[in-house]
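# Chain and residue survey
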Amino acid sequence: MLAPLSVPAEHFQPDVDLSWPFGKLEGLDRDDIREAAYEVFFTSCRSSPGFGGRHALAFYSSNDSVDGGVGTSGSGSPTGSGSPGSSGRGTSGVGMVANSRIKRTLGLKTLKRMPSRRASSGGSGSNPSSPNSGPGFGGGGGIGGSPGMSFTVPARSMPTRRPLTSAEIMRMQMWVTEQSDNRLRKTLMRTLVGQLAYVRQMSRRAETVILPLELLRHLKPSEFNSSQEYYFWQRRQLKILEAGLVFHPWMPLEPRNTHAMKLREIIRAHDGKSLDTGKNSESLRSLCNCVVALAWRGANGNPTDVCHWADGYPLNVHIYIALLQSIFDHRDETMVLEEVDELMELMKKTWMMLGITRPIHNVCFTWVLFHQFVVTGQVEPDLLCASLAMMAEVANDAKRGDRESIYVKTLASVLSSIIGWSEKRLLDYHVGFSKASTAMMENLLPLVLQVRKILDEDIAATIAARQEQQEDELQADVAGAPCENRVDLYIRSSVKNAFDKMIETGNISIKAVDIDRALSETLIELAQATEELAAKEKETYSSTLKKWHPVAAGVAAVTLHNCYGDILNQYLSGVCALSNEIINVLQRAGKLEKILVQMVVEESVDCEDGGKAIVREMVPYEVDSIILRLLRKWIEESLRKPKDCLQRAKDTETWNPKSKAEPFALSAVELMKLAKETVDEFFQLPIGISEDLVQDLADGLERILRDYTTFVASCGTKQSYVPSLPPLTRCNRDSRFSKLWKKASCSIGAEELQQALSSEGHHPRPSTSRGTQRLYIRLNTLHYLLLHLNSLDKTLSLSSRVIPSTHKRCSRSLGSSSYFELARASMQGAIQHVAEVAAYRLIFLDSNSVLYENLYIFDVANARIKPALRILKQNLTLLGAILIDRAQPLAVKEVMKASFEAFLMVLLAGGSMRIFSRLDHEMIEEDFKSLKRVFCNSGVGLIAEDEVEKDAEVVEGVVALMGQSTEQLVEDFSTAACERSGIGVAGGGQKLPMPPTTGKWNRSDPNTILRVLCYRNDQAANAFLKRTFQLPKRR
């Protein structure tokens, strides 16, 4: 046999200061109600699997078809099929429970344990604590028995490991011993055995059983451990009958009801001794007659088909609350059992016996969740959220027009208790809620406001009942107030209480005749504490309260301002002469006032009147003009650290990244850190700050940053990497180069020669040099400087501590709010410059061997651009890996421009090893399209396709020239050269001028056309160049 269960002392904690809303039951304590609740529950659920063996006792409850709200299942089990005890699993256990619908609806967490742990050893489908079937159960019959039940004897089976049944879980949850459970089962069995003769004639319903009477009739002293235990058990049953039939009947008793008087007389007569329950006991017969007469009373004398012994208020609610409280896990009482759906569905079977309706269930369930939240130390916010969710159901029920008086009374009592506990904390929420528990406050506020709304709008007639709950005077003042006004009261009350506690803790006493240094320091400390309290209010509470009050932080600021103002006025009333201590106090008070006013202003932005009404509540401190500040020396000294950092950078910077995650120069990180620290320390100074002083600080920082930017941009020019233009020559079919090329082509074949010339192209590897990578670090560094410059600018521009200057200075541009316009422009120019230099170095130095030196060498068809593109893609990948995101678009664009420039130079200034024919046009055009695609696909969004096309127009124009006939080129050149030189149309043997080399290639530029002719490998071009300019032929 299992060891008897005992309720631990900590299980029933005192309800803190949460008042019990259901009144007291004379002569009955928590344990009495708990045991009676289990007996009612077991009897009502006897028809369910797990309560009576594999084949349950066959009796029914008319309650089974009653609809349930939240906390009850509409029909069947939560899993959708099967009876409530089984959940469709083929056993009567609940050890393997699916996710709870109720917990999902209420937002409750799932228990963190394996379901299989809820198991017990015993026969499959039978209860280990169930009595053995056989003739030893005793007979029924006897006096005044309750009609209505029959049974089926449970079958035996071999002991196996199985999940616990609902009955076993409920027994353990309600701390009922196995011995008590066995006695209850035996009583029900004996009752049913005695009523077999009525099976075919009477309804078999649990509501027809007067359970305490049946227990008294069938259980004998021999079934208890001692006579004293039997006496206390019997006494409890009698007290339950007295409470349910006399003190709290379901229907009021007529005056001097003889059966009620007789019942009380019998109970009093056996105060101190046991009632004789033998078959021939006259006392038992009288008791049965009285109980049956009282329990089967109908309205207006009409007969009733159910007995009424446990459905009177508040006994029924006490019992039902005890049942609902069993859903919390003993191992963690903040958690609801996973089996709650099935247990609640089974509890629903007690509704008819207890006279519970869905609205009353919703009220009781709301109370149980809230009560559990309170008594477990308010550590589980899910319980409060669940209470709020249930309160929505309660609010809907409260609006119904068919509310019963008992429901209204229960609702009023529960809501008054909840609001009494809640408002006590909200009126002093600085004590009741920490920063970590503001989420609880956020859930408690709507709960309280919802409760107040129900009390004031839906059950206004119960004000008298609320007064009986002895609400204090402050709570009475809150009642009936609009939502915003009530929250306003919470804010003012709590903030004032927090300020008073600071006064009390600091032991501050203002005496007009005793103004000393210690008192001045105390007021300064109090101002600091008040400022911290305001910041805490705004950071911790205002964001939550703002949902119900538009200027929550503003109300708190006004309250603190007035509280400190009262103390300051007392202090100033004793001031006779100005001193440093008084100046410090006034200065600190002025700072506090500005902070509080700023809080009000910020909160009042969205108010209709702009916050004027609430600002008028602030009585100004009238602090005189702020003490003259001397910050220039501090600024000068503070700028020495950044200056020293700049000098060290010039001496030691190697342009290696600080780290892989921070690809910036270490000196830049240190410099901006020092600049930020300087600005932060500047605004932390305990003195007023004028706009002129801010400008002085900004000017000093800007000079240092511009100097550092110049240092970063000192990396040469892009033109230093562009190869010099070769002299203009004309192609000659009989040149040494042509002969060598033909000879090589015949001996080894063009394909083998090309493979030899471009062997590196088949094994591409990044060709980005370390110098180019250092330029990337410079580029990252400039972007890092610009980003942090904007942050510094924002800090200086938006600081609320800056006092506007009475005159305007010329340091900032007209209409600009930035302190660093010159530095920003300098950095942007440096970024452009470094990006160009890096791009030209990458293309004309690092990639020179595969692009300018190799592309179209000897022959176009065998020296295409594909190998160079592979290297270029590798270089772009490395570029993306080194550069930060914001630096990549410009850098890639500059690489594109440099690539286009290199392509043009191959076509127009490629030297004596390159010749082109008109037939090469299509291949060159195809190669250039491939080059464009590299940049269109180099990164999503880095370069727009239209930008690529725009920059490619010049190259495409030159490529188009290469597709023209020599005669057309000569004609176009003659026209362009004459127009450019201003001599008009050439004719009459007039000599064409040699066009200057500008380097700005364009299809309409005469120098560009001339270069196309110089590289054109045909007789006509050769003859024209020789005749017109006497250009030398290639060697």
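Here is what the cut-offs are and how they apply
- Going along each chain's sequence as written, the residues are numbered from 1 onward.
- pLDDT decides what is reported in this predicted model: residues at 70 or higher carry local features, side-chain atom pairs at 80 or more are listed and counted, and totals for whole chains, interfaces and linings draw on all residues regardless.
- The basis for the side-chain values is all heavy atoms of the structure; hydrogens and waters are excluded.
- Secondary structure is summarised from DSSP: a helix means a run of H or I of at least four residues, a strand means a run of E of at least two, and numbering begins at the N terminus for each.
- Only heavy atoms enter the contact rule, under which two residues are in contact if any of them lie within 4.5 Å.
- Computed with the Shrake-Rupley method and a 1.4 Å probe, the accessible areas treat only the protein chains shown as cover for residues.
- Only protein chains enter the accessibility calculation, which uses a 1.4 Å probe; a residue is then buried when its area is under 20% of its type maximum, exposed when over 50%, and partly exposed in between.
- Lys and Arg are tallied as positive, Asp and Glu as negative. Neither His nor the chain termini are counted.
- Salt bridges are identified by distance alone: a Lys or Arg side-chain nitrogen within 4 Å of an Asp or Glu carboxyl oxygen.
- Under this definition, polar contacts are N or O atom pairs within 3.5 Å; protein pairs additionally need one hydrogen-donor-capable and one acceptor-capable atom, and for neighbouring residues in sequence, both atoms have to be side-chain atoms.
- Only buried residues count toward a nonpolar core. Its members are Ala, Val, Leu, Ile, Met, Phe, Trp, Tyr and Cys residues joined through side-chain atoms within 4.5 Å.
- Only Phe, Tyr and Trp rings are paired, with Trp represented by its six-membered ring, and only when their centres lie within 6.5 Å; those with planes under 30 degrees apart are stacked, over 60 edge-to-face, the remainder tilted.
- We call a charge positioned over a ring when the NZ of a Lys or the CZ of an Arg lies within 6 Å of the ring centre and within 35 degrees of the ring normal.
- In this analysis an axis means a line fitted to C-alpha atoms, helices contributing only their contacting stretch, and an angle means the value between N-to-C directions, from 0 to 180 degrees.
- In these notes the angle categories are as follows: under 35 degrees is roughly parallel, over 145 is roughly antiparallel, 65 to 115 is roughly perpendicular, and the rest is oblique.
- Should the near helix be turned anticlockwise from the far one by less than a right angle, the crossing is termed left-handed; should it be turned clockwise, right-handed.
- Note that Gly is not counted as nonpolar here; it falls among the polar residues with everything else outside the nonpolar set of Ala, Val, Leu, Ile, Met, Phe, Trp, Tyr, Cys and Pro and the charged set of Asp, Glu, Lys and Arg.
- Confidence of the prediction at every residue is given by pLDDT, a number between 0 and 100.

## A few points about the overall build of the chain
A count of helical and extended segments in the chain gives 38 helices and 4 strands. Sequence separation of at least 24 residues holds for 82% of the intrachain contacts in the chain that already meet a minimum separation of 6. Summing over all exposed atoms, the chain offers an accessible surface of approximately 47000 Å²; the carbon and sulfur share of this is 52%.

## A look at the side chain of D311
Tracing the backbone through its elements, the reader meets D311 in the loop between helix 8 (282-295) and helix 9 (315-324). The charged side chain of D311 is buried without a salt bridge, its nearest counter-charge being R297 at 8.3 Å. Within the structure, the side chain of D311 is placed 2.5 Å from the side chain of H308, a separation counted as a polar contact. Setting aside its immediate chain neighbours within four residues, D311 contacts W250, N316, M353, L354 and G355.

## Thoughts on the environment of A243
Looking at the secondary structure, you find A243 in helix 6 (residues 227-247). Taking relative accessible area as the criterion, A243 reaches 2% and is therefore assigned buried. With residues near it in sequence (within four places) discarded, A243 still touches L28, H248, P249 and L315.

## Examining the nonpolar core
Ranked by size, the top nonpolar core spans 160 residues in total, and within it L287, W309, M347 and Y564 carry the most contacts. Looking at this core, the element that brings in the most residues is helix 21 (residues 552-572), giving 12 residues. Leave out the neighbours within four places in its chain, and L287 touches L213, L216, L238, L263, I266 and L275. Counting residues in each nonpolar core, the second largest holds 126 residues, with I635, I831, F844 and V955 among its members.

## Describing the environment of W233
Along the chain, W233 turns up in helix 6. Separated by 198 residues in sequence, W233 and E35 have C-alpha atoms that sit 9.9 Å apart. Contact partners of W233, with chain neighbours within four places excluded, come to E39, L215, L216, L219 and F224.

## Let's talk about the packing of aromatic side chains
Geometrically, a pair of aromatic rings is defined through the distance of the ring centres and the angle of the planes. In the structure shown here, the tally under the stated rule is 26 aromatic pairs. Aromatic rings pair up to connect Y856, F900, F903, F916, F928, F935 and Y1015 into one cluster. Of note, R914 hangs over the ring of Y852, and the distance from its end group to the ring centre comes to 5.4 Å.

## Focus on unusual backbone geometry
Most of the time, phi is negative for any residue but glycine, and the peptide bond is trans. A cis geometry characterises the amide bond from Y313 onward to P314, with omega recorded as 5 degrees. Within the element layout of this structure, P314 appears in the loop between helix 8 and helix 9. If you check the backbone angles, F858 has positive phi at about 70 degrees while not being a glycine. Inspection of the secondary structure puts F858 in the loop between helix 31 (821-846) and helix 32 (866-882). Although it is not a glycine, Q1030 sits at a positive phi angle of roughly 55 degrees. Position of Q1030 relative to the elements: it lies in the segment after helix 38 (1019-1029).

## A look at the environment of V597
Position of V597 among the secondary structure elements: in helix 22 (residues 580-603). Sequence-wise, V597 and H561 are 36 residues apart; in three dimensions their C-alpha atoms are separated by 8.6 Å.

## Topic: the side chain of T530
Locating T530 in the fold gives a position in helix 20 (residues 517-545). Only 2.7 Å separates the side chain of T530 from the backbone oxygen of L526, close enough to count as a polar contact. Discounting chain neighbours no more than four positions away, the residues touching T530 are F499, M502, L560, Y564 and L592.

## Quick word on the packing of helix 7 (residues 258-269) against helix 8
In contact at an axis separation of 9 Å, helix 7 and helix 8 are set at 140 degrees when each is read in the N-to-C sense. Compared by their axis directions, helix 7 and helix 8 come out oblique. The hand of the helix 7/helix 8 crossing is left-handed. Of helix 8, the residues touching helix 7 (which contributes H259, A260, K262, L263 and I266) are S283, S286, L287, N289, C290, V291, A293 and L294. Here the contact of helix 7 with helix 8 is built from residues that sort into 8 nonpolar, 4 polar and 1 charged.

## Comments concerning the confidence of the model for the chain
Across the chain, pLDDT averages 78, with 76% of residues at or above 70. When the elements of the chain are averaged for pLDDT, helix 18 (residues 473-478) gives the smallest value, 40, and helix 31 the largest, 94. Low pLDDT, under 50, characterises residues 196-203; the predicted model gives this stretch 5 contacts beyond four residues in sequence or across chains. Note that pLDDT drops below 50 for residues 461-480; the model gives that stretch 27 contacts with residues more than four away or on any other chain.

## Here we look at the pattern of salt bridges
Opposite charge on two side chains lets them pair, provided their charged atoms get close. Here the structure, examined in full by the defined rule, presents 40 salt bridges. With a shortest N-O distance of 3.2 Å, R236 and E35 are connected by a salt bridge. Of this pair, R236 sits in helix 6 while E35 sits in helix 1 (residues 30-44), placing them 201 residues apart in sequence. Look at E35 and you get partly exposed, because its relative accessible area is 28%.

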